[in-house]
Amino acid sequence: MKKITALLLAAVMVFSAFALSGCKDSEAAPEETLTSKIEDKAMAYRTDLMDSMSTLTDNSRVKDYLLNWAKSKSVEVTSDTNGNVFMTTDGTESYKDAPPTVVVCQYDASGTSGISDYIPAMASGLYLAKNATESGKLTVIFSPENQRDFSGISKVSSKYFPDDAQVFCLNPGNKQMWSFNSGSMSSYRFTGDVAYTVPSGDVAYTVTIQGLAGGIPDSGISGYPNPIKELGDLLASLKTNAVIFELAGISGGSCASLYPEGATATIVVDSGYVDKLETRLNSAIEKFTEKYSEDNPNLTYTFTQVEMPSRVFTKDTLNDFISTLYTLIDGVYLRDESEDLISITNLGTLECSDSAWSTSAVANSLTAESLADIDVTYETICSLSDIKYEKTGEQAGWSGDSESDFASSVAKAFKDYSDADMTFRDCVAATSASCVYEKNPACSIVNVMMNESKIERYTGTIVTFMADLPHAEEAGE
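Description of the structure in this document.

1. With respect to the overall build of the protein chain
Secondary structure assignment for the protein chain yields 12 helices and 20 strands. On the principal axes, the C-alpha backbone points of the protein chain span a range of 115 × 60 × 45 Å. Here the protein chain holds 477 residues, and the buried ones make up 49% of them. In the protein chain, of all internal contacts separated by at least 6 residues, the share reaching a separation of at least 24 is 79%. Counting only carbon and sulfur atoms, one obtains 49% of the accessible surface of the protein chain, whose full area is about 22,400 Å². Side-chain charges of the protein chain comprise 35 positive and 67 negative groups, with the mean position of each set lying 6 Å from the other.

2. A word on empty space enclosed by the protein
Counting across every chain of the model gives two cavities of 30 Å³ or more. Counted as a void, the largest cavity has a volume near 190 Å³. In terms of lining, the largest cavity is formed by 22 residues, of which the most central are Gly111, Thr112, Ser113, Asp117 and Leu258. Put simply, the second largest cavity is a space of about 50 Å³. Forming the boundary of the second largest cavity are Arg148, Met185, Ile216, Pro217, Ser257, Val362, Asn364, Ala429 and Ala430. Grouping the constituent residues of the lining of the second largest cavity by class yields six nonpolar, two polar and one charged.

3. Comments concerning the packing of helix H2 (residues 34–51) against helix H4 (residues 119–131)
Put simply, H2 and H4 touch, their axes get as near as 9 Å, and they point 125 degrees apart. In terms of orientation, H2 and H4 fall into the oblique class. For the pair H2 and H4, the crossing hand works out as right-handed. Within the contact between the two elements, H2 uses Leu34, Lys37, Ile38, Lys41, Ala42, Tyr45, Arg46, Leu49 and Met50 and H4 uses Ile119, Met122, Ala123, Leu126, Tyr127, Lys130 and Asn131.

4. Comments concerning the nonpolar core
Ranked by internal contacts, the top residues of the largest apolar core, which has 78 residues, are Leu66, Met87, Phe142, Phe161, Val167, Phe168 and Trp178. Top contributing element to this core by residue count: H4, with eight residues. Not counting chain neighbours up to four residues away, the residues in contact with phenylalanine 142 comprise Leu66, Gly83, Asn84, Val85, Met87, Cys105, Tyr107, Met122, Gly125 and Leu126. Counting residues in hydrophobic clusters, the runner-up holds 55 residues, among them Ile228, Leu281, Leu328 and Ile329.

5. Concerning the pairing of strand E11 (residues 246–252)
Looking down a regular strand, the side chains alternate between one sheet face and the other. With six of seven residues buried, E11 is to be regarded as a mostly interior element. Alignment of E11 against strand E12 (residues 263–269), held across six bridges, turns out to be antiparallel. Counterpart to glycine 249 in the pairing with E12 is threonine 266.

6. A few points about the side chain of serine 143
Assignment of secondary structure puts serine 143 in strand E4 (residues 138–144). Classification of serine 143 by relative accessible area gives buried; the value is 0%.

7. Considering the side chain of threonine 324
Looking at where threonine 324 falls in the secondary structure, it is placed in helix H7 (residues 315–327). Classification of threonine 324 by relative accessible area gives buried; the value is 0%. When residues no more than four places from it in sequence are discounted, the contact partners of threonine 324 are Trp357, Ser385 and Ile387.

8. Notes on the pattern of salt bridges
One side chain can pair with another of opposite charge once the charged atoms of both are near each other. According to the stated counting rule, one finds 12 salt bridges in the structure shown. Its salt-bridge partner being aspartate 375, residue lysine 391 comes within 2.8 Å of it at the nearest N-O pair. Of the two residues, lysine 391 is situated in strand E18 (residues 388–395) and aspartate 375 in helix H8 (residues 368–384); the sequence distance between them amounts to 16 residues. Overall, lysine 391 belongs to the partly exposed group, its relative accessible area being 34%. Classification of aspartate 375 as buried rests on a relative accessible area of 14%. Here lysine 412 ties to aspartate 416 by a salt bridge, and the two come within 2.7 Å at their closest N and O atoms. Of this pair, lysine 412 and aspartate 416 are both found in helix H9 (residues 405–418), four residues apart, which corresponds to roughly one turn of the helix. Residue classification places lysine 412 among the partly exposed residues on the basis of a relative accessible area of 47%. What makes aspartate 416 partly exposed here is its relative accessible area of 46%.

What counts as what
- Residues numbered from 1 in each chain as written.
- Predicted model: local features only at pLDDT ≥ 70, side-chain atom pairs only at ≥ 80, totals over all residues.
- Heavy atoms only, no water.
- Helix = DSSP H or I, 4+ residues; strand = E, 2+ residues; numbered from the N terminus.
- Buried < 20%, exposed > 50% of the residue type's maximum accessible area, 1.4 Å probe, protein only.
- Contact = heavy atoms within 4.5 Å.
- Areas by Shrake-Rupley, 256 points an atom, 1.4 Å probe, with all protein chains shown as cover.
- Lys, Arg positive; Asp, Glu negative; His and termini not counted.
- Charge placed at Lys NZ, Arg CZ, Asp CG, Glu CD.
- 1 Å grid on protein atoms, 1.4 Å probe; cavity = no way out; pocket = protein on both sides within 12 Å on 5 of 7 lines; lining within 4 Å.
- Points joined across faces, edges and corners; volume = space filled by probe spheres on them.
- Nonpolar A, V, L, I, M, F, W, Y, C, P; charged D, E, K, R; others polar.
- Axes fitted to C-alpha atoms, helices over the stretch in contact; angles between N-to-C directions.
- Parallel < 35°, antiparallel > 145°, perpendicular 65-115°, else oblique.
- Left-handed = near helix turned anticlockwise from the far one by under 90°.
- Core = buried A, V, L, I, M, F, W, Y, C linked by side-chain atoms within 4.5 Å.
- Pairing = 2+ DSSP bridges.
- Salt bridge = Lys/Arg side-chain N within 4 Å of Asp/Glu carboxyl O.

What follows is the structure in C-alpha cells.
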C-alpha cells in the first residue's frame, strides 16, 4: 500500500513539473512597446552622433557617416553630388497602395556648435529609415546646408516628391511645434568705414560674453540675450554716462541666421576712469546675469585687464559705430492685434577689419508686407548713418492647409501615440518646407521643429501615422 501511495505521489509531482513547465513556456515575453523601442534605438542613434561630433567637422564627413551607417544597418542608401543622402525602404506588400512618406532632415557642421542642433532630427530620421519598415514606401532625405541656406534640399530632384507624397520636414528649433506654415526670410549686411588712431588711454580691458546656447531665431527671441546688442548697448551707456573710452575692436556671432553664442570687445580708458568703468561694468554684468543666467547656465559675462592695443577707432568712427549698432533693430519686430508674432529680426554677426566693420542680420516674417517694411527700416537706418546697406539673400515663406485630411491624420497619429491633443502653431522661422513646396506644390507637407526633448514623441507620431495609412487589412474588414 505504501509503495502504491509513493508511486502515485511521484506521478503527481512529475505531472505538476510538466504542467508548470508548460505554463512557463506559454507565458509570452513582455512585448516591447513602440515607446520603449524608440527610446532605446533613437536615443542610441543620438548618442552615437554625439560621440562622433569630434570627427564630424564638415558636411562631407557627415555625409560619409550617414552612408556608412546605412550600409552597416543594411538600409538601402544613395547620395548625390550636392551632399544629399537618401535612405529608402519599399515597405510591405500590404501597404503597396499607400502614398509614400518622405522625411526631410537638415544637417550642418559648419557652425561653432557643429551638428549638435541637428542631431535630434537626424536621430529621428535614422530610426525611421531602419525601423519603420512595416508600413508603406519611405524615403528619408538628409540634406546639407551652410548657415541656414537650405542649399542641399533646394537641389534635390523633384522626383523624390511625387504628387501624393506625405512629407515631414524636420527642422532644429528651440520652440518645438508642428505647423502648416513657415516664415519668409531676408538676410542683410551692413558695413561702415573704420579709421584707426593710436590710443590716448593707458589701461585696456577685454569684455566678454560667452556660453549662450545659440540656435535658430524663433518665437522665443524676446527672451534670448543677444550678446552683440548687449555690448552695443553697453558702449552707448558708457558714452551717455560720460565714461570716456576708446574701442580697439569688437566681434561676435558666427552666422547671420543663428543667435550669436558670444561677443567680445576691447576698451581702452585713461587710468583716471578705471574705477568708474569697472563700476559700470559690474553693474551691467549683475543685471544681465540676474536676468538671463537661470535659462543659460553656461553664460559668463566678464572683463579682464589686458595688454594695451596698438590702435583704436578714431572718435568719429566710434561715434558712428555706436549710433548705428544701437539703432539697428533686433528681436520682435511686429505682433498682430492678438499679440501673435508676425516678424522678427536677428543681428547674428559682427566683425572688424583694417578698414571696415560689418554686421549681418536676418529677418523672418509670416507676411510679405512686414518683411518689406523691415527692408525699408534697415535701409533707412543705414542711409542716415552713411552705412552701406546690402540685402544678401531671401527665401519665400510657405503656408499649407491645417484643416486638410492630411493635417487631420497627423493630429490623429499624435493623439493615438501620445494621448495628447495636437495644436498646430505658426512658425515664423524659415524652414525646409518652403523648398519642398517649390519642388511640388501638390505634396502634403507638415513642418516640425524639434529638439532632443521630443525625439521619442515626434518619431512615434510619424511611425503611427505611417501605420495608419491605407493597407490590406483595412480593405478586408
